[in-house]
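Analysis of the macromolecular model
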Amino acid sequence: DRLETEYKNVDFDMIRHTRIEFFAVPMTCATIGFMLQAANDVEFETASSYKTFGVAAAVLFVLVGALRLARLVKYPQKTVKEWHHPVTGNFFSAIPITIVIDGILLLPSSTDGAGIVIWIGAILQMLITLVRISDLIYDHISEEMLNPSLMMAPVGNFICAIGFAQFGVLYNGDNMDDNINYLFLSRLWFGIAALFAVVLFVITF
């Protein structure tokens with residue numbers, strides 16, 4: 001069996017077998033940190049906990065990211081196959097989702113640094129969303145391959161909307177006449193997420 005052969009201990013190659021789904025691990029750590037940060041905002045004593053999960057998410061993200069970059073260089077065709085796969089291709093959104101949530105966790109410590117991180121994640125997520133949606137339009141897949149993981153793209157944009165909104169509270173404050181109004185930017189990402197979420201929800205469920 002090919003699958004058994006690939007995953008034999010004697011054949012184990014960490015770079016070759018680091019799949020895109022592995023980014024779900026730092027994404028989960030960041031999400032738990034985000035929930036603990038929200039709890040801390042309503043006077044639960046979870047400040048140290050959310051910071052710990054935030055650091056863990058960042059460390060795991062760098063580790064998985066390094067392995068994925070090595071895999072891209074060493075096995076580029078495997079990455080291309082993952083991107084075009086109707087299930088694993090959706091997990092590329094886990095990368096910007098983790099970046100944006102880590103940016104949100106960074107807000108209390110460094111507003112400017114957090115803003116840069118959120119921008120990086122939001123732009124990357126928007127690009128992934130547009131490309132994934134265009135793939136669905138022009139490369140039709142069978143009904144059997146429609147699955148809930150398609151919702152990762154709109155969910156990623158919802159996270160970006162939250163990130164911009166929270167950053168805007170600190171950056172804009174009560175002044176809505178700044179050059180960049182992050183509340184409006186948040187609505188842009190939210191609108192795109194809502195549009196695709198409704199369509200994909202109907203298709204996949």
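Refer to the preceding data block for the structure.
Calculation criteria
- Residues numbered from 1 in each chain as written.
- Predicted model: local features only at pLDDT ≥ 70, side-chain atom pairs only at ≥ 80, totals over all residues.
- Heavy atoms only, no water.
- Helix = DSSP H or I, 4+ residues; strand = E, 2+ residues; numbered from the N terminus.
- Buried < 20%, exposed > 50% of the residue type's maximum accessible area, 1.4 Å probe, protein only.
- Contact = heavy atoms within 4.5 Å.
- Areas by Shrake-Rupley, 256 points an atom, 1.4 Å probe, with all protein chains shown as cover.
- Patch = residues over 30% accessible without salt bridge, like charges linked within 9 Å, V, L, I, M, F, W, Y side chains within 5 Å.
- Salt bridge = Lys/Arg side-chain N within 4 Å of Asp/Glu carboxyl O.
- Arc of directions from axis to C-beta.
- Axes fitted to C-alpha atoms, helices over the stretch in contact; angles between N-to-C directions.
- Left-handed = near helix turned anticlockwise from the far one by under 90°.
- Nonpolar A, V, L, I, M, F, W, Y, C, P; charged D, E, K, R; others polar.

1. Quick notes on the overall build of the protein
When you go through the protein residue by residue, the secondary structure sums to eight helices and zero strands. Put simply, the protein has 205 residues, and 41% of those count as buried. Contacts spanning at least 24 positions in sequence make up 76% of the contacts within the protein whose residues lie at least 6 apart. Here the protein has roughly 11600 Å² of accessible surface; of this, 68% comes from carbon and sulfur atoms.

2. Side note on a nonpolar patch on the surface
Taken together, the side chains of Leu195, Val199 and Ile203 define a hydrophobic patch exposed on the protein surface, amounting to about 260 Å² of accessible area. Locating Leu195 in the fold gives a position in helix 8 (residues 182-204). Residue Leu195 is classed as exposed on the basis of its relative accessible area, which comes to 53%.

3. Focus: helix 4 (residues 76-84)
It helps to recall that an α-helix has 3.6 residues per turn; residues three or four apart then point in one direction. Every buried residue of helix 4 is listed here: Thr79, Glu82 and Trp83. One face of helix 4 carries all of its buried residues, which in axial projection span an arc of 100 degrees. Exposed positions of helix 4 whose direction lies more than 90 degrees from the buried face are Gln77, Lys81 and His84. Looking at the buried side of helix 4, the elements it contacts are helix 3 (47-74) and helix 6 (111-138).

4. Examining the packing of helix 3 against helix 5 (residues 94-106)
At a minimum axis separation of 10 Å, helix 3 and helix 5 run at an interaxial angle of 145 degrees. Like other packed secondary-structure pairs, helix 3 and helix 5 cross with a definite hand, here left-handed. Within the contact between the two elements, helix 3 uses Tyr50, Gly54, Ala57, Ala58 and Phe61 and helix 5 uses Ile95, Thr98, Ile99, Asp102 and Leu105. Within the contact of helix 3 with helix 5, the residues separate by chemical class into seven nonpolar, two polar and one charged.

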